[in-house]
Amino acid sequence: MKPRERGLTHVIDRGLSIADVDGLLEVAGGSVDVVKLGWGTALVTSNLRPKLERYSAHGIPVVLGGTLTELAIRQGRVEGLVAWLHELGLRHVEVSDGTIALDPKVKHELIQRLADEFTVLAEVGSKDADFIMAPYVWVEQIERDLEAGAWKVIAEARESGTAGIYRADGEVRTGLIDEIAHAVDPDRLIFEAPLREQQVWLLKRFGTECNLGNIVPADVLSLETLRLGLRSDTVDRFALGGLGSGAHSPEGPVGD
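Only a predicted model underlies this, so the values are computations on that prediction, with no experimental measurement involved.

Cut-offs applied
Residues numbered from 1 in each chain as written. Predicted model: local features only at pLDDT ≥ 70, side-chain atom pairs only at ≥ 80, totals over all residues. Heavy atoms only, no water. Phe/Tyr/Trp six-rings, centres within 6.5 Å; stacked < 30°, edge-to-face > 60°. Helix = DSSP H or I, 4+ residues; strand = E, 2+ residues; numbered from the N terminus. Buried < 20%, exposed > 50% of the residue type's maximum accessible area, 1.4 Å probe, protein only. Expected span 1.5 Å × (residues − 1). Arc of directions from axis to C-beta. Contact = heavy atoms within 4.5 Å. Polar contact = N/O pair within 3.5 Å; in protein donor to acceptor, adjacent residues only side chain to side chain. pLDDT = per-residue confidence, 0-100. Right-handed = clockwise from strand over helix to strand, strands pointing away. Pairing = 2+ DSSP bridges. Axes fitted to C-alpha atoms, helices over the stretch in contact; angles between N-to-C directions.

**Considering the packing of aromatic side chains**
Following the criterion strictly, the structure yields one aromatic pair and no others. Between F191 and F206, the aromatic rings sit 5.2 Å apart at their centres with planes inclined by 10 degrees, giving stacked as the arrangement. Taken together, the residues span a long stretch of sequence, with F191 in strand β7 (residues 189-192) and F206 in helix α9 (residues 196-206) at a distance of 15 residues. The pair formed by F191 and F206 is uniform in burial state, with each residue classed as buried.

Right, here's the structure in full:
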């Protein structure tokens, strides 16, 4: 059943063709839990409906980029967005404030309103690499979004992995992540991790069933091998018990 509650792989579709989608699903469809149509691409792509049909046929939920939600709020067109989501048959929605600053009360009320009809993924963190938010503010915002009814909260990193929970050079803000994880159950979080080094750090820190997001389609299978200890980066941590000992294997999870 998708999406998984743990070990979730959240993939970004930045404008895939139908052939690309078919290739992804053929090679790694079993490892894809959620697909996000990045930014506002859903409004301009000419293959939206057939693409959604492909994902739906494989039981993979699709969510539109949070930028569209932010624009709908700014333009007073949230009800129009909701109607479009229903028309498209989408059951998941992202609420973010990484591009356009939202009043916390507005975001809270919107999550509450949408959670009555959709599975809400909230996002916390700015896309501005120069904007550094104190750890306690991250925790407050994450807890507020969860309390409002968000299913998971996404920790922002941008598609480049150079903002939010990472420094401008892609280095992990380890102290920040540790403070967040001390206050919030990591199972309720999706850590954006577009770069392999970031994926490796998070898997080693939280185990094979860490929820990871902003994974490009070409890296889905690579990430799955990292989870299973089938690459040198994680073999020492996850595969010493023998082949098939990973959390995503038929053998079941290993205590961490």
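**Things to note about helix α6 (residues 104-115)**
Compared with an ideal rise of 1.5 Å per residue, which puts twelve residues at 16 Å, α6 spans 16 Å between its outermost C-alpha atoms and is within 8% of the ideal. Along α6, the residues that are buried comprise K107, H108, L110, I111 and L114. With its buried residues spanning 165 degrees around the axis, α6 presents them on a single face. Structurally, α6 contributes buried residues whose contacts are with α4 (66-74), α5 (78-88), β4 (92-95), β5 (119-124) and α7 (135-148). A distance of 2.8 Å separates the backbone nitrogen of K105 from a side-chain oxygen at the start of α6, and that oxygen is part of D103.

**Observations regarding the confidence of the model for the protein chain**
With 93% of its residues at a pLDDT of at least 70, the protein chain reaches an overall mean of 92. Low pLDDT (under 50) marks residues 242-247, which in the prediction has 14 contacts with non-local residues, meaning those over four places away or in another chain.

**Topic: the side chain of K127**
The topology assignment puts K127 in the loop between β5 and α7. In this structure the side chain of K127 is engaged in a polar contact, spanning 3.1 Å, whose partner is the side chain of E156. Here K127 is in contact with G98, T99, E156, R158 and A163, once residues within four sequence places are set aside.

**Quick look at α5**
Within the span of α5, buried status applies to V78, L81, V82, L85 and L88. Viewed along the axis of α5, the buried residues span an arc of 130 degrees, placing them on a single side of the element. Turned more than 90 degrees off the buried face of α5, the exposed positions are E79 and E87. Tucked inside the fold, the buried residues of α5 contact α3 (48-57), β3 (62-64), α4, β4 and α6. Residue G89 follows α5 closely and has a positive phi angle near 80 degrees.

**A word on the pairing of β4**
On β4, burial covers both faces: H92 and E94 on one face and V93 and V95 on the other are all buried. The parallel pair β4 and β5 is bridged by α6, and the resulting crossover is right-handed.

**What about unusual backbone geometry?**
Residue W39 is not a glycine yet carries a positive backbone phi of 50 degrees. If you trace the backbone, W39 turns up in the loop between β2 (34-37) and α2 (41-44). Residue W39 is classed as partly exposed on the basis of its relative accessible area, which comes to 34%. Located in the positive-phi region is R158, a residue other than glycine, with phi close to 65 degrees. Mapped onto the secondary structure, R158 falls in the loop between β6 (152-155) and α8 (174-183). With relative accessibility at 32%, the residue R158 sits in the partly exposed group.

**A few points about the sheet that holds strand β8 (residues 212-215)**
Sheet architecture is open: eight strands sit in the order β3-β2-β1-β8-β7-β6-β5-β4, paired in parallel fashion. In this open sheet, the two strands that pair with only one neighbour each are β3 and β4. Each adjacent strand pair in this sheet contributes to an overall mean axis angle of 25 degrees, direction not counted. As paired strands, β5 and β6 are joined by four bridges and run parallel to one another. Residue pairing across strands places L121 opposite K152, the latter belonging to β6. Contacting β1 (9-13) and β8, helix α10 (residues 220-228) runs over the sheet at an angle of about 155 degrees to β8.

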